[in-house]
Amino acid sequence: MPVLAGAEPFRHEGGEAAVLLCHGFTGSPQSLRPWAEHLADRGLTVSLPLLPGHGTRWEDLRITGWQDWYAEVDRELRVLCERREKVFVAGLSMGGALALRLAARHGDAVSGVVVVNPANKVHGLAAHALPVLRHLVPATKGIASDIAKPDSRELGYDRVPLHAAHSLRQFFRTVDRELPQVTQPVLLLRSPQDHVVPPADSARVLSRISSTDVKEVLLEQSYHVATLDHDADRIFEESSAFIDRLASGLREEPGLGKEGTTAGG
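What counts and how
Residues numbered from 1 in each chain as written. Predicted model: local features only at pLDDT ≥ 70, side-chain atom pairs only at ≥ 80, totals over all residues. Heavy atoms only, no water. Axes fitted to C-alpha atoms, helices over the stretch in contact; angles between N-to-C directions. Helix = DSSP H or I, 4+ residues; strand = E, 2+ residues; numbered from the N terminus. Parallel < 35°, antiparallel > 145°, perpendicular 65-115°, else oblique. Left-handed = near helix turned anticlockwise from the far one by under 90°. Contact = heavy atoms within 4.5 Å. Nonpolar A, V, L, I, M, F, W, Y, C, P; charged D, E, K, R; others polar. Core = buried A, V, L, I, M, F, W, Y, C linked by side-chain atoms within 4.5 Å. Buried < 20%, exposed > 50% of the residue type's maximum accessible area, 1.4 Å probe, protein only. Pairing = 2+ DSSP bridges. Salt bridge = Lys/Arg side-chain N within 4 Å of Asp/Glu carboxyl O. pLDDT = per-residue confidence, 0-100. Right-handed = clockwise from strand over helix to strand, strands pointing away.

Give a detailed account of the packing of helix H4 (residues 94-106) against helix H6 (residues 162-178), specifying residues and quantitative values.
It is at 10 Å that the axes of H4 and H6 come closest, and there the two elements cross at 40°. The angle between H4 and H6 falls in the class oblique. Both H4 and H6 take part in a crossing whose hand is left-handed. Contacts from Met94, Ala97, Leu98, Leu100, Arg101, Ala104 and Arg105 in H4 reach Leu168, Phe171, Phe172, Thr174, Val175 and Glu178 in H6. Partitioned by chemical class, the residues of the contact of H4 with H6 number nine nonpolar, one polar and three charged.

Written as structure tokens, this is what we have:
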């Protein structure tokens, strides 16, 4: 199937600092493209791949699993690490979980992590029924375009294939076990009003990682797809400053905080 217009991957050759961006479940690079373009304009090398099964039709996602999605970003990271001095990983929602696993498994090869509304668990009673339900029901309603900004839209599927949702649940369990292996500096940005991923997921991530250089930022005006929402510029500027600081070798005092506290500046 051809890739939907706007869902194409994005790559930019820039300086020695590189960023790998990971999009979310049932979404596409479109949700992160403004972010990618901002980072590219700042002189960074940027890679924003299209995950297998995404960006075409939901039926294509049904025959893929988390191993396929992770393998794609793992390959991209290895290529960047061969060509650039410092490499950062970032992601939205499931993309945040992919970024965290990359950090956990690749160690010092990853210089820092930026996650926006990172997902950590498939919630609700239906999650426990997925092992059986996926054989009876092909798909359920979609989760795309949870955005407060009226004129903004996410290019994502309007259906969630349950086979893929079951694999996603397994992936989150895998990542959760590996979170203590994340030691790199972390910037976590989250929306208090998120109708897809609850605040508990971000709290779980922050409680499980071993990083000491951590900053949490609240995106008060945005819903789940904050990269296309009212706080998009905030995400772009915070992530640019985070990467600039680490790429230049500067280091802030360790600590965990959020906006309005000492670590949140």
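Anyway, onward from the coordinates.
Outline the nonpolar core, supporting the account with residue identities and numerical values.
Counting 47 residues, the largest nonpolar core has Trp69, Met94, Val113 and Phe171 as the members making the most contacts within it. It is H4 that provides the largest number of residues to this core, a total of eight residues. Among residues more than four places away in sequence, those in contact with Met94 are His23, Gly24, Phe25, Leu51, Trp69, Ala119, Leu168, Phe171 and Phe172. In terms of nonpolar packing, the next biggest core, distinct from the first, is built from 31 residues, Val114, Val116, Leu189 and Ala226 among them.

Which residues make up the environment of His230, and what values do they have?
Position of His230 relative to the elements: it lies in the loop between strand S9 (214-218) and helix H8 (232-247). Remark: the alpha-carbon pair of His230 and Ile147, spanning 83 residues in sequence, is separated by 8.6 Å. Apart from residues lying up to four places away in sequence, His230 is in contact with Ala148, Lys149, Pro150, Gln221 and Ser222.

Got a sec to walk through the sheet that holds strand S5 (residues 112-116)? Specific residues and values, please.
Pairing is mixed across the open sheet formed by seven strands, whose spatial order is S1-S3-S2-S4-S5-S8-S9. Only two strands of the sheet have a single partner each, and these edge strands are strand S1 (10-12) and S9. On average, each strand axis in the sheet is tilted by 15° relative to the strand beside it, whichever way the strands run.

Can you explain the pattern of salt bridges? Please cite residues and give values.
Within the structure shown, the criterion is met by 17 salt bridges. As a salt-bridge pair, Asp60 and Arg57 come within 3.3 Å of each other at their nearest N and O atoms. On the basis of relative accessible area, Asp60 is assigned to the buried category, the value being 16%. The shortest N-O distance in the salt bridge between Arg190 and Glu216 comes to 2.6 Å. Here Glu216 lies in strand S9 and Arg190 lies in strand S8 (residues 186-190), a separation of 26 residues in the sequence. Because the salt bridges share partners, they merge into one network encompassing Glu13, Arg83 and Arg84.

Which residues make up the side chain of Glu72, and what are the values?
Mapping Glu72 onto the fold places it in helix H3 (residues 66-83). Setting aside residues no more than four positions away along its own chain, Glu72 makes contact with Pro49, Leu50, Leu51 and Pro52.

An account of unusual backbone geometry is needed here, citing residue identities and associated values.
Trans peptide bonds make up most of the peptide bonds, and negative phi angles are found at most residues other than glycine. The phi torsion at Thr26 lies on the positive side, around 70°, for a residue other than glycine. Unlike most non-glycine residues, Asn117 shows phi in positive territory, near 45°. One can find Asn117 in the loop between S5 and helix H5 (125-133). You can call Asn117 buried: its relative accessible area is 2%.

Before we move on, could you go through the confidence of the model for the protein and cite the residues and values that matter?
Per-residue confidence for the protein averages 91 on the pLDDT scale, and 91% of its residues sit at or above 70. Here residues 250-265 scores under 50 on pLDDT; set against residues more than four positions off or in separate chains, the count is 29 contacts.

Please give an account of the pairing of S9 that cites residues and values.
Burial analysis of S9 places five of its five residues in the buried class, the great majority of the element. Side chains Val214, Glu216 and Leu218 project from S9 onto one buried face, and the interleaved Lys215 and Val217 project onto a second face that is buried too. As paired strands, S8 and S9 are joined by five bridges and run parallel to one another. Counterpart to Leu187 in the pairing with S9 is Lys215. Handedness of the β-α-β unit built from S8, helix H7 (residues 199-208) and S9 comes out right-handed.

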